[in-house]
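Letter by letter, the chains look like this.
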Amino acid sequence: MKTIVWDIDDVLNDLTKSWFENIWLLSNPGCRLSYQNLTSNPPNELLNLQKEDYFKLLDEYRNSDKARNMKPDKKVIKWFEKYGENFRHIALTARPTHTVAAAAEWVLCYFGKWIRTVSFIPSARPKIYMPSYDKDKIKYLKWFGKADFFIDDKTDDIKGAKTLGIQSYLVPQPWNKGTLPLPEILSLLIKNE
Ligand SMILES: [Mg+2]
């Protein structure tokens, strides 16, 4: 049975869109950007924010009730209901550690029938020391050694996973050049099962 490694933010959930539309646009009514204009991630320069200030806002949102109540894409849930049990699944997120519990709870709540493992790479934040096992997702995947598929929205991580021989799919977001919409990626997973 093959193993799929899923990114959480902006793949299984719509964190950045949800934050941008529910928080940023409401508190910055003069902002003329739409979600599609967020062509870099982090988008702090587009929003005239220092990186630290952007991450502070995003991390607060990650732990908020609104983020905990994000709904997963119905098409993805349907796919899991139909095909989920044909694969093993791991969620792999890069987040600051103090926001991981909320993400793990969210994943296990909606996808816990199938995703039995939630792993993370601690994102660096000021004044917080974390022991370092794997500095990024690629180092983690190399250590883990069992991933057959990797699904993420970060171009560099997709490139890195491919160098390990993992079949990797870039989920389209405004900040990447992904061309295969998630439903098509899901169909390919079944074909390559
Ligand atoms: Mg992501």
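As shown above, the structure is provided for reference.
Residues numbered from 1 in each chain as written. Predicted model: local features only at pLDDT ≥ 70, side-chain atom pairs only at ≥ 80, totals over all residues. Heavy atoms only, no water.

### Here's the deal with the nonpolar core
Nonpolar side chains in soluble globular proteins generally cluster together in the buried interior.
Now for step 1: Trp6, Phe80, Phe111, Ile151 and Leu189 are the most contacted members of the largest nonpolar core, which totals 40 residues.
Now for step 2: Mapped by element, the contributors of at least two residues to this core are β1 (3-6), α1 (8-12), α2 (15-27), α3 (51-62), α5 (74-83), α6 (100-111), β4 (149-152) and α9 (182-191).
Now for step 3: Viewed by domain, this core spans two of them, domain 1 (3-13 + 72-191) and domain 2 (16-68), each represented by three or more residues.
Now for step 4: Residues contacting Trp6, with those up to four places away along its chain left out, are Val11, Leu12, Trp79, Phe80, His89, Ile90, Ala91, Leu92, Ile115, Ile151, Leu186 and Leu189. (Core = buried A, V, L, I, M, F, W, Y, C linked by side-chain atoms within 4.5 Å. Buried < 20%, exposed > 50% of the residue type's maximum accessible area, 1.4 Å probe, protein only. Helix = DSSP H or I, 4+ residues; strand = E, 2+ residues; numbered from the N terminus. Domains from an automatic or database assignment. Contact = heavy atoms within 4.5 Å.)

### Focus on the packing of aromatic side chains
Geometrically, a pair of aromatic rings is defined through the distance of the ring centres and the angle of the planes.
Now for step 1: Applying the stated criterion to the full structure yields 16 aromatic pairs.
Now for step 2: Measuring from ring centre to ring centre gives 6.1 Å for Tyr35 and Trp175, while their planes differ by 90°; the resulting arrangement is edge-to-face. Remark: Trp175 occurs in the loop between β5 (167-170) and α9 and Tyr35 occurs in the loop between α2 and α3; sequence separation between them is 140 residues.
Now for step 3: Judged by its relative accessible area of 7%, Tyr35 falls in the buried class.
Now for step 4: Owing to a relative accessible area of 14%, Trp175 belongs among the buried residues under this scheme.
Now for step 5: Judged by centre distance (6.1 Å) and plane angle (75°), the rings of Phe87 and Phe149 are edge-to-face. Placement of the pair is Phe87 in the loop between α5 and β2 (88-95) and Phe149 in strand β4, with a sequence separation of 62 residues.
Now for step 6: In textbook terms, an aromatic cluster arises when at least three aromatic residues are bridged by ring pairs, as seen for Trp6, Trp79, Phe80, Tyr83, Phe87, Trp106, Tyr110, Phe111, Trp114 and Phe149.
Now for step 7: Cation over ring: Arg125 sits above Phe55, and NZ or CZ is 4.1 Å from the ring centre. (Phe/Tyr/Trp six-rings, centres within 6.5 Å; stacked < 30°, edge-to-face > 60°. Lys NZ or Arg CZ within 6 Å of the ring centre and 35° of its normal.)

### Here we look at unusual backbone geometry
Now for step 1: With omega at 5°, the peptide bond leading from Asn41 into Pro42 counts as cis.
Now for step 2: Mapped onto the fold, Pro42 is located in the loop between α2 and α3.
Now for step 3: One non-glycine residue, Asn48, lies in positive phi territory at about 55°.
Now for step 4: If you trace the backbone, Asn48 turns up in the loop between α2 and α3.

### What about α6?
Now for step 1: Between its terminal C-alpha atoms α6 stretches 16 Å, which fits the 16 Å expected from twelve residues at 1.5 Å a residue.
Now for step 2: Turning to α6, the residues buried within the fold contact α1, α3, α4 (65-68), α5, β2 and β3 (115-122). (Expected span 1.5 Å × (residues − 1).)

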